[in-house]
Amino acid sequence: MFPIKLHFLYKRAWLKASLFLCVCMSFYSIEAQILTSTILDEATGKPIYGATILAANQYGVSADQNGAFKLEINRGYTVTDSLRISSIGYEELTLPLIEKLDSVLYLTPKVEDLNAVFISNKKLSIEEVLLEVKNRLNVNYNKDFTKKELFFRQSDNNHTDNFQIDFKKSSFKEIDEAFVKNELSKVPKRSVFHTEVLGDFYSDFDDHKLDIKKANKLYDIYGEDYLADFYATLENILNKNVKKDSYFKIKSGLFSFKAGADQSFIENEELIDMRNEMGKNEEANANFFLNLNRKAMGKIFKNLIYNEDSKLNFIFKPGRYDFEMLDFIEIGNDLAYQIKFDPNGNEDFKGIVYINMDDFAVLRVDYQNIKPLRSIKLLGFSYREQGYKGTMIFQKGANQKYTVKYIENTQTKVYGIDRPLKIIEKNKNTKGRRKQNELAADVNFGSTVVTDYKVLVYKTSQITEDKFDQIIENKNEQPKNWKKYNPDFWKTYSKSLNFDEEIRRLKSNLY
């Protein structure tokens, strides 16, 4: 699946899909600045894998296993914009974007200072603490069906790493090498999509329902005007050249398949017509927004630490990690063990967990991967889950059960394609040769997508399975689409207006 969500519903989907793959999967601009450097631990001199690099609060990448990064940003930032570099356990480094970047940058290990001395008669080892955590999971956490009143935000930053097209052949006189190069020169190299949802999420670990109260989508203003012109140009070319009763052979190396002129190019509910995404086609796939956000929330909640299938398995498989007691720390009104964990073998994550000293509930966990989680390279296609990090914060409810209060998760994925592509129009109702038109090119494309999820849960209440079965999702609520964020949009929902303020309070609630 490619990083841009496409569902080709056009009458002649084959050509638009192919050209969109070749031309619009990423955004291109020659007005850009390339930032490169290597991030090292100031104390040890070792590379810091997975460090986050954020420029002007818009462009983000993660450092590789050698601590190196390459970040290309468009011109247009101001003298007040900064480059921010951060990683768990280190002080954040902030640098002015207008200054030249050093080839090596150092992060200083964070020193946690206690504001008070805590005295306890409990002298438990780390192993005993973790065993207590595991034994009390069913007591401390609710694993049955719940209703969560929440605010969900997803931000996608799609950046092109490389893009080359070796034009081979075209029977369309309007589509030639000059046409492709001209189109590539017009589009930005990055795209940003931003979604906010206020609603009720009903779920256990496996089943999910979402009732959306209100939602909006914000799109990168750099790409919308170009896409409108590009689609209009394609419509004109297709109307002049392609017969309505044609069918098409799409070939890519060893692969080949047949598609009709009125058939969708890709049948996948996670791919949507870009024009619909840009607010141009309101009627296409009315349930797409609901389905997409329900699935995204379901995956996020399924990864909570008390689920045995969670990526963070240090509770269920402690033997695969090395633990270090850092401190005793106060979180709100609770005293907590502050324990660092690092994999001692093939596990993927390191982090810090905060465990209540009284009831051994996990109050918070900060984590990040130390190596790519998954890497696939096959027949010219490549995919790598480069970065995965975040925070989970839990609070005790009125029923003395802990529920998740806040989730933050940032995922960095790298996509690539290096394959030949050929599309042939054929028509069995035409006398003579069935072959009508042909378009061929070699495509070499690479893209990095950084997706940031934030979930703030205002209230959690337990429900029965029967109640869950009776819930009917609201499929009529569609998001409002904006080129520019409208601050008045959430005025009638006071909880949403305090979203960022509440996140800052929760994340800084360590004393």
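Model, not experiment: these values are computed from the prediction.

Caption draft 1: Examining the overall build of the protein more closely. Regarding its fold elements, the protein presents 10 helices and 21 strands. When burial is assessed residue by residue, the protein has 51% of its 511 residues classed as buried. When contacts within the protein are restricted to residue pairs at least 6 apart in sequence, those whose partners lie at least 24 apart make up 69%. Surface summary for the protein: the accessible area is close to 24,900 Å², and the carbon and sulfur share equals 47%.

Caption draft 2: Spotlight on the nonpolar core. Ranked by internal contacts, the top residues of the largest apolar core, which has 56 residues, are F301, I305, I355 and F394. The element that contributes the greatest number of residues to this core is helix α7 (residues 288-302), accounting for six residues. With 18 residues, the next largest nonpolar core counts A56, I85, L105 and L107 among its residues.

Caption draft 3: How the structure looks around the pairing of strand β13 (residues 321-331). When β13 meets strand β14 (residues 334-343), the two strands line up antiparallel, connected through 10 bridges. For Y321, the partnering residue across the bridge sits in β14 and is P343.

Caption draft 4: Examining helix α10 (residues 499-507) more closely. Every buried residue of α10 is accounted for by F499, I503 and L506. Buried residues of α10, seen end-on, are gathered within an arc of 65° and therefore sit on one face of the element. Facing away from the buried surface of α10 by more than 90 degrees, the exposed residues are E501 and R504.

Caption draft 5: Examining the confidence of the model for the protein more closely. For the protein, per-residue confidence averages 78 on the pLDDT scale, and 78% of positions sit at 70 or higher. Residue range residues 261-284 is modelled with pLDDT below 50. Its contacts to residues more than four positions away, or to other chains, number 80 contacts.

Caption draft 6: Inspection of a negative patch on the surface at higher detail. On the surface, D206, D207, E308, D309, E465, D466 and D469 cluster together into a negatively charged patch. Assignment of secondary structure puts D207 in the loop between β9 (190-203) and β10 (208-219).

Caption draft 7: Examining unusual backbone geometry more closely. The phi dihedral of F360 is positive, around 60°, even though this residue is not glycine. Considering the arrangement of structural elements, one finds F360 in the loop between β15 (349-356) and β16 (362-369). A positive phi angle is found at Q400, which is not glycine, with a value near 70°. With respect to the helices and strands, the residue Q400 is situated in the loop between β18 (381-396) and β19 (402-426).

Caption draft 8: Expanded view of the packing of aromatic side chains. This structure, assessed with the given rule, holds 18 aromatic pairs. Geometrically, the ring pair formed by F151 and W490 is edge-to-face, given 5.1 Å between the ring centres and 70° between the ring planes. Of the two residues, F151 sits in strand β8 (residues 146-170) while W490 sits in the loop between β21 (480-482) and α9 (494-497), which places them 339 residues apart along the sequence. When the ring of Y383 is compared with that of Y415, the centres are 5.3 Å apart and the planes differ by 55°; the resulting orientation is tilted. On the criterion of sequence distance, the pair formed by Y383 in strand β18 and Y415 in strand β19 is long-range, its members being 32 residues apart. Overall, Y383 belongs to the buried group, its relative accessible area being 15%.

Caption draft 9: Local environment of the side chain of D41. Topologically, D41 is positioned in strand β1 (residues 32-41). For the buried D41, no salt bridge exists, and the shortest N-O distance to an oppositely charged side chain is 7.7 Å, to K350. A polar contact is formed between the side chain of D41 and the backbone nitrogen of A43, at a distance of 2.7 Å. With near-sequence residues (within four places) excluded, D41 lies in contact with K46, I48, Y90, Y106, L107 and P109.

Caption draft 10: Up close: the pattern of salt bridges. Using the criterion set out here, one finds 20 salt bridges in the structure. Ionic pairing is found between D342 and K340, a salt bridge with its closest N-O pair at 3.9 Å. Of the residues examined, K340 reaches a relative accessible area of 31% and is grouped as partly exposed. Between D452 and K454 there is a salt bridge, and its shortest N-O distance comes to 2.5 Å. Taken individually, D452 and K454 each receive the classification buried, so the pair is uniform in this respect. Shared partners join several salt bridges into a network, and the residues in it are K147, D200, D211 and K213.

Caption draft 11: Local environment of the side chain of E425. Looking at the element boundaries, E425 is found in strand β19. Looking at E425, its side chain comes within polar contact range of the side chain of N437, at 2.6 Å.

Caption draft 12: The arrangement of α7 in detail. Under the 1.5 Å per step criterion, the end-to-end length of α7 is 21 Å for 15 residues, consistent within 8% with the ideal 21 Å. Among the 15 residues that make up α7, 11 are buried, leaving the element largely enclosed by the rest of the structure. Those residues of α7 that sit buried are F288, F289, L290, N291, N293, R294, A296, M297, G298, I300 and F301.

Caption draft 13: Layout of the environment of I300. Inspection of the secondary structure assignment puts I300 in helix α7. On the basis of relative accessibility, which here comes to 9%, the residue I300 falls in the buried class. Among all residues touching I300, those that are not within four sequence positions of it are F152, I407, Y453 and V455.

Caption draft 14: Quick look at the pairing of β10. Here β10 lies mainly inside the structure; 10 of its 12 residues are buried. When β9 meets β10, the two strands line up antiparallel, connected through 11 bridges. Residue L198 lies in a different strand from β10, and its bridge partner there is K214. As paired elements, β10 and β21 share three bridges and run parallel to each other. Its bridge partner lying in β21, L218 is registered against W482.

Cut-offs and rules
- Residues numbered from 1 in each chain as written.
- Predicted model: local features only at pLDDT ≥ 70, side-chain atom pairs only at ≥ 80, totals over all residues.
- Heavy atoms only, no water.
- Helix = DSSP H or I, 4+ residues; strand = E, 2+ residues; numbered from the N terminus.
- Buried < 20%, exposed > 50% of the residue type's maximum accessible area, 1.4 Å probe, protein only.
- Contact = heavy atoms within 4.5 Å.
- Areas by Shrake-Rupley, 256 points an atom, 1.4 Å probe, with all protein chains shown as cover.
- Core = buried A, V, L, I, M, F, W, Y, C linked by side-chain atoms within 4.5 Å.
- Pairing = 2+ DSSP bridges.
- Arc of directions from axis to C-beta.
- pLDDT = per-residue confidence, 0-100.
- Patch = residues over 30% accessible without salt bridge, like charges linked within 9 Å, V, L, I, M, F, W, Y side chains within 5 Å.
- Salt bridge = Lys/Arg side-chain N within 4 Å of Asp/Glu carboxyl O.
- Lys, Arg positive; Asp, Glu negative; His and termini not counted.
- Charge placed at Lys NZ, Arg CZ, Asp CG, Glu CD.
- Phe/Tyr/Trp six-rings, centres within 6.5 Å; stacked < 30°, edge-to-face > 60°.
- Polar contact = N/O pair within 3.5 Å; in protein donor to acceptor, adjacent residues only side chain to side chain.
- Expected span 1.5 Å × (residues − 1).

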